[in-house]
Structure formats: C-alpha cells, structure tokens
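Analysis of the macromolecular model
Residues per chain, in single letters:
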Amino acid sequence: MRPLKTRLLSEKDLRHLLLPEDYLSCMESAFRAHGRGEISLPQKTYLVLPGRGDFRAMPAFLSTPARCGIKWVNVHTQNRHRGLPTVMGLVILNDPDNGFPLAVMDGTFITKMRTGAAGALAAKCLARRDASILGLVGCGVQAEAQLFFLSKLFPLRRVKFWGLTEEDRRRFLRRLRSYKFPIEPKGTVREAVSEADLVVTTTPSCRPLVRRAWIREGTHINASGADAKGKQELDPTLLKSAILIVDDRDQACESGEMN
C-alpha cells in the first residue's frame, strides 16, 4: 500500500487549479446535493472574542462522492487598519472512511470565490435575465468577488457602489480598472442602490443600511454580510415585503437578517 500524503495547497496553487466556471459548477452541484439531502451540514460554531472578532468552525459531509471537511474562518473587522484581510480561513479535507487529512488548503481565497459564485448562482435563478445595473453596498474583497461572478452571468452595463470611507472607495475603484463598463463610487447607500436591478450587500453592519423606499419593485438582493447574530444590513420593512429565499434554513434562522 502506498503511503498516504497530505497535500498542502496555497492560494497560488488554488488559483492555478480552478477556473471561474469551475467554482460556479461546483457550487451548483453542491446546492443540488443539499436539496437532495446528500449533505450533512451542522450549524457553524462561533467562538466570539469580545472586542477582537470571532472565529467560526464550519464542518460538512457530502455522501456522493464521499467527502468531508471543515473550514476554520475568522472575522476581524479591524484588520482593515492592520493591512490584513478581514476574513481569513483554513480548510481541511479528510477521507471519510479513515479520517486521514487529504488536504490542508488556504481558505481565504476559497471563501472569496465560493461566496461570490454562490451569490451569482442565486441571482441567476432569481433575478431578471436582463438585469444590467448592479448596486454594491460595501466595497471589500467579497464585493469584488460578487461583481466578478455576476459579470459573467449578466449583461452588466453599469455598477454603482458605496463604501464606508472615501479611501475605501478609491482603493476599490483602482482594483476594478479592467472592467469595460462604468463603475461609479457613491457617497451614500441610497445613491448606490437606487435604479439597480441587482443589489449586493457585503458589510459587517449591525444596523440597517438599505431602506425599503430605495429599492425598486423586482430588484434582486443578495444579502451576504449579515452572517452572525447582531448583524443586519436590510430594513425590516424591506424583508417583510420581499420573497425570502435562503440556502440553508437552519443556518439562516440561527444568524443574520432572519435571526
């Protein structure tokens, strides 16, 4: 029997292994498997560090093909002042038959791409096919990922975005120079979401940022930022007037906008 080896995969390795369409395909397969009951997905466990941030342990098991693993991920909002990512992670993939760790992978890049692809797939299924104006609330790494994948599925012709500070907005704009359509920084959330067909929220806010009166009928919203207790990005009246669809009911009821 050949000796087992654990693979160590860095962000650089992952960038070379998968194309953007691979992330979309993997996420669609995962959602379908979840819908068929082929995934065991316990609620994530939070380790809250008051005044610092938090960690989350996120285990999962896929029955066909048999895979299991866990992601250990942090959220430290003050890292933006330290030159570090707000969200970082590590993924361990195990052999479900014997527990051997098959791979230890950078989870920061996986989280960025996985969440961006998931948001784009949600919009693909739920938004108008001709949606062309995107409003971004938040302008960090995840906003960039959401834009990246949405631009591959929708005929975007205009993007408006809001960030907490003018410097945040300048940095975000510099990172998006390769896009061919107009990308416009806005000084208020209202300006960013008005007229939008698609709205994506990716902030760690603990108070409502997006008001019902600012959203047009038929707009699709990916509410991605409120991923823990106490976080909230959407006006409660907006939630009450919307059709709510979540990827996992138990997780959604435990944390975020529906908590």
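Here the structure is shown first, and the text comes after it.
Keep in mind that this is a model prediction, so the values were computed, not measured.

Here's the deal with the pattern of salt bridges
- With the rule as written, the count across this model stands at 21 salt bridges.
- Between Arg174 and Glu167 there is a salt bridge, with its nearest N and O atoms 3.6 Å apart.
- We note a salt bridge from Asp168 to Arg171, for which the minimum N-O separation is 2.6 Å. One end of the pair, Asp168, and the other, Arg171, are both in helix 5 (residues 166-175), three residues apart, so they sit about a helical turn from each other.
- Relative accessible area serves as the criterion here: at 11%, Asp168 is assigned to the buried category.
- With relative accessibility at 33%, the residue Arg171 sits in the partly exposed group.
- Linked through salt bridges whose partners overlap, the residues forming this network are Arg80, Glu166, Glu167, Asp168, Arg170, Arg171 and Arg174.

Observations concerning the packing of helix 2 (residues 20-35) against helix 4 (residues 141-153)
- Running from amino to carboxyl end, helix 2 crosses helix 4 at an angle of 90°, the nearest separation of the two axes being 11 Å. Looking at the two axes, helix 2 sits roughly perpendicular to helix 4. Residues Pro20, Tyr23 and Leu24 of helix 2 form the contact with helix 4, whose participating residues are Phe148, Phe149, Lys152 and Leu153.
- Residues belonging to the contact of helix 2 with helix 4 are distributed by class as follows: six nonpolar, no polar and one charged.

Re the environment of Arg216
- In this fold, Arg216 is placed in the loop between strand 12 (206-210) and strand 13 (220-223).
- Sequence separation between Arg216 and Val193 is 23 residues, and the spatial gap between their C-alpha atoms is 8.9 Å.
- Not counting chain neighbours up to four residues away, the residues in contact with Arg216 comprise Arg128, Glu195, Ala196 and Asp197.
- A distance of 2.9 Å separates the side chain of Arg216 from the backbone oxygen of Glu195, its partner in a polar contact.
- Of note is the side chain of Arg216, whose polar atom sits 2.8 Å from the side chain of Asp197.

Thresholds, definitions, all that
- Residue positions within a chain follow its written sequence, with the count starting from 1.
- Owing to the predicted nature of the model, reporting of local features is limited to residues with pLDDT of at least 70; listing and counting of side-chain atom pairs is limited to 80 or more, with chain, interface and lining totals taken over all residues.
- In computing side-chain properties, one takes all heavy atoms of the structure into account and sets aside hydrogens as well as water.
- By salt bridge we mean one thing: a side-chain nitrogen of Lys or Arg within 4 Å of a carboxyl oxygen of Asp or Glu.
- In DSSP terms, a helix is any run of H or I states spanning at least four residues, a strand is any run of E spanning at least two, and both are numbered starting from the N terminus.
- Exposure classes here rest on a 1.4 Å probe applied to the protein chains alone. A residue is buried below 20% of its type maximum, exposed above 50%, and partly exposed in between.
- Only the stretch in contact is used when a helix axis is fitted, and all axes are lines through C-alpha atoms; the angle between N-to-C directions ranges over 0 to 180 degrees.
- An angle below 35 degrees is treated as roughly parallel, one above 145 as roughly antiparallel, one from 65 to 115 as roughly perpendicular, and anything else as oblique.
- Contacts are assigned to residue pairs that have any heavy atoms within 4.5 Å of one another.
- All residues other than Ala, Val, Leu, Ile, Met, Phe, Trp, Tyr, Cys, Pro, Asp, Glu, Lys and Arg, Gly among them, are scored as polar; the first ten of these are nonpolar and the last four charged.
- Any pair of nitrogen or oxygen atoms within 3.5 Å is treated as a polar contact; in protein, a donor-acceptor pairing is required on top of that, and neighbouring residues in sequence qualify only through side-chain atoms on both sides.

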